[in-house]
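Results of the structural survey
Below, each chain spelled out in residue letters.
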Amino acid sequence: MQVSIRPVTDDDLAAFFAFQADPASVAMAGVPARAREAFDAHWAKIRADAQTVLRTVVADGEIVGNVVCFPRDGHQELGYWLGQEFWGRGIATRAVRAFLADYDRRPLHAIVSPANAASLRILLGCGFVEVGRDDEVVSLELA
Ligand SMILES: CC(C)(COP(=O)(O)OP(=O)(O)OC[C@H]1O[C@@H](n2cnc3c(N)ncnc32)[C@H](O)[C@@H]1OP(=O)(O)O)[C@@H](O)C(=O)NCCC(=O)NCCS
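For the structure given in this document, a descriptive report is provided here.

1. Describing the overall build of the chain
Within the chain, the regular secondary structure consists of five helices and seven strands. Starting at the N terminus and ending at the C terminus, the chain contains elements arranged as β-α-α-α-β-β-β-α-β-α-β-β. For the chain, whose C-alpha radius of gyration is 14 Å, the value lies close to the compact-globule estimate of 15 Å for 143 residues. Expressed along its principal axes, the backbone C-alpha trace of the chain runs to roughly 35 × 35 × 30 Å. As displayed, the chain offers around 7,800 Å² of accessible surface, 52% of which is attributable to carbon and sulfur atoms. Of the side-chain charges in the chain, 14 are positive and 19 negative, and the distance between the mean point of each set is 4 Å.

2. Quick look at the packing of aromatic side chains
Under the counting rule described, the total for this entry stands at five aromatic pairs. Ring centres 6.0 Å apart and planes at 40° place the aromatic pair Phe 39 and Trp 43 in the tilted group. Of this pair, Phe 39 and Trp 43 both sit in helix 3 (residues 36-47), separated by four residues, roughly a single helical turn. For the pair formed by Phe 39 and Trp 43, the shared burial category is buried. Of the aromatic side chains, those joined through ring pairs into one cluster are Phe 16, Phe 17, Phe 39 and Trp 43. Seen from the ring of Phe 17, Arg 36 lies directly overhead, with NZ or CZ sitting 4.8 Å from the centre.

3. Observations regarding the site of the ligand
The full set close to the ligand counts 21 residues, and Leu 82, Gly 88, Gly 90, Thr 93 and Arg 121 are the nearest of them. Here an oxygen atom of the ligand sits 2.7 Å away from a polar atom, N or O, in the main chain of Leu 82. In this structure, an oxygen atom belonging to the ligand sits 2.9 Å away from a side-chain N or O atom of Asn 116. Bound to the protein, the ligand loses 71% of the 950 Å² it would expose on its own. Going through the elements one at a time, helix 2 (23-29), strand 4 (75-82), helix 4 (91-102), strand 5 (108-112) and helix 5 (117-125) are the ones with two or more residues in the shell around the ligand. A total of five residues in the shell around the ligand trace back to one element, the largest contributor, which is helix 5. Here the residues of the shell around the ligand are counted per class, giving 13 nonpolar, six polar and two charged.

Reading guide: rules and limits
- Residues numbered from 1 in each chain as written.
- Predicted model: local features only at pLDDT ≥ 70, side-chain atom pairs only at ≥ 80, totals over all residues.
- Heavy atoms only, no water.
- Helix = DSSP H or I, 4+ residues; strand = E, 2+ residues; numbered from the N terminus.
- Rg over C-alpha atoms; globule rule 2.2 N^0.38 Å.
- Areas by Shrake-Rupley, 256 points an atom, 1.4 Å probe, with all protein chains shown as cover.
- Lys, Arg positive; Asp, Glu negative; His and termini not counted.
- Charge placed at Lys NZ, Arg CZ, Asp CG, Glu CD.
- Phe/Tyr/Trp six-rings, centres within 6.5 Å; stacked < 30°, edge-to-face > 60°.
- Buried < 20%, exposed > 50% of the residue type's maximum accessible area, 1.4 Å probe, protein only.
- Lys NZ or Arg CZ within 6 Å of the ring centre and 35° of its normal.
- Near = heavy atom within 4 Å.
- Polar contact = N/O pair within 3.5 Å; in protein donor to acceptor, adjacent residues only side chain to side chain.
- Nonpolar A, V, L, I, M, F, W, Y, C, P; charged D, E, K, R; others polar.

All we've got here are geometric facts, nothing functional implied.
Written as structure tokens, this is what we have:
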């Protein structure tokens, strides 16, 4: 399977909306879904932000998710989201590695639900280290 990342275009947003609205994904990420209007407003805002980097993940020519990096609490924070139908095939691992090879700003931060084993494996495999934990969230950093 060919996995690549590229800048986000208008045509990607319908797929991203569906991915973020999926209840299983919401439960896994611990991030609430946005209704269409709020989703459109959020993406318009982050696409206009010079500090935010947004990439579409493409696998065998199909839009399968996104990788994002954005400022929060004085850090650059990494996030990613794939459509449920594309989970479990190593796509996110490859997409995050491609992003990190391309984007050299460090340190990067990430926050993950303690139950999100796949996401934790991705980050630890990419060299992130745990820097904090409570019942709700694990905080990680890539120096
Ligand atoms: C988390 C997410 C990105 C994982 O994507 P994916 O393409 O399925 O991940 P991969 O196939 O690359 O798997 C990554 C690792 O997790 C493991 N893994 C995958 N699913 C798993 C699961 N349910 N439980 C435990 N481990 C799992 C894989 O075996 C792999 O480990 P390895 O590197 O040792 O082989 C995807 O499920 C998703 O988008 N979820 C909804 C949004 C989300 O949670 N985003 C992250 C917020 S921090």
